[in-house]
Amino acid sequence: MGELKPPEKSFEISKWEVWEAWEKVRANKGAPGVDGCSIEDFEKDLKGNLFKIWNRMSSGSYFPPPVRAVEIPKPHGGGTRILGVPTVADRIAQTVVAARLESEVEPKFHPDSYGYRPGRSALDAVEKCRERCWKKDWVVDLDIQKFFDSVPWDLIVKAVEAHTDAVWVKLYVRRWLEAPLQLPDGTLQMRDRGTPQGNAT
C-alpha cells in the first residue's frame, strides 16, 4: 500500500513564509485580539498554531475573526480614534500577505515616501524635512481627514490587483476589509468602507 499523499493545496504559500511572519509579529509584540490570546499564549502550541494558519491560508479556507476596537485618546484633547487590534494568528496571516505584496511594491515607491515602509521611520521623514528647510522657503502640510475610516474598498482592491497576480493575496485582502469590528461593548460593527488603523491591510 502506497503512502497517502496530502491533498494539493489551492495556493502556494510556504511554511517558511508563515514562520517568518510569526518572527515579525513576535518581535512587534502587541495586545491580544478578540480571542484574548497573547503572544505567550500562542507560543504554548506554536507548531500547531502556525500549522493551522498555513493550512487554512494555503487551502483558501482562512477567514479572519473580528478586529478588536480600542479607543485611543487623541493628543491635545481632540476626542478619540479607533485602533484595530487583530488576533495574533490574524496578524501572522496579514504579515504573510504583506510580505508578498511588499516585494512587488517596495521598489516602486518614491524615495521620499516614508509611511509604513521597511527600514524607514517618522524620524527619517523629519530628517529629510530639516534638510529641505535649508533649500526651500515653503512647505505643504496636509492630512486627509478620517482617511482610514472612509477609503473605498474597491480602490484598495484595485491597488492590490495592480501589483500582484496572486489570487490568494487579493482574496485575503478583501476578507480582511470585510471583517467586522468588535466594539468595546462587545457588539459587532459591519463596515462597507475603510479599514481600522492597526491592521496590516
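The following paragraphs examine the structure supplied in this document. (Residues numbered from 1 in each chain as written. Predicted model: local features only at pLDDT ≥ 70, side-chain atom pairs only at ≥ 80, totals over all residues. Heavy atoms only, no water.)

### Quick word on the packing of aromatic side chains
Inspection of the entire model under this criterion finds 5 aromatic pairs. Here tyrosine 62 and tyrosine 172 contribute two aromatic rings whose centre-to-centre distance is 6.0 Å and whose plane-to-plane angle is 85°, an arrangement assigned as edge-to-face. Pair noted here: tyrosine 62 is in the loop between α3 (46-59) and β1 (67-73) and tyrosine 172 is in helix α8 (residues 167-178), with a separation of 110 residues, a long-range link. Residues tyrosine 62 and tyrosine 172 agree in their burial class; the two are buried. When the centroid spacing of 6.1 Å and the interplanar angle of 50° are considered together, the rings of tyrosine 172 and tryptophan 176 count as tilted. (Phe/Tyr/Trp six-rings, centres within 6.5 Å; stacked < 30°, edge-to-face > 60°. Helix = DSSP H or I, 4+ residues; strand = E, 2+ residues; numbered from the N terminus. Buried < 20%, exposed > 50% of the residue type's maximum accessible area, 1.4 Å probe, protein only.)

### A closer look at the sheet that holds strand β3 (residues 181-182)
With mixed pairing, the 4 strands of this open sheet are ordered in space as β2-β1-β3-β4. Each of the sheet's edge strands pairs with one partner strand only, and the pair in question is β2 (80-85) and β4 (188-189). (Pairing = 2+ DSSP bridges.)

### Quick look at helix α1 (residues 15-28)
With 14 residues, α1 ought to run about 20 Å at 1.5 Å a step, and its terminal C-alpha atoms sit 20 Å apart, in line with that. Residues of α1 that are buried in the fold lie against α2 (39-43), α3 and α4 (88-105). Positive backbone phi, approximately 60°, marks lysine 29, located one or two places after α1. (Expected span 1.5 Å × (residues − 1). Contact = heavy atoms within 4.5 Å.)

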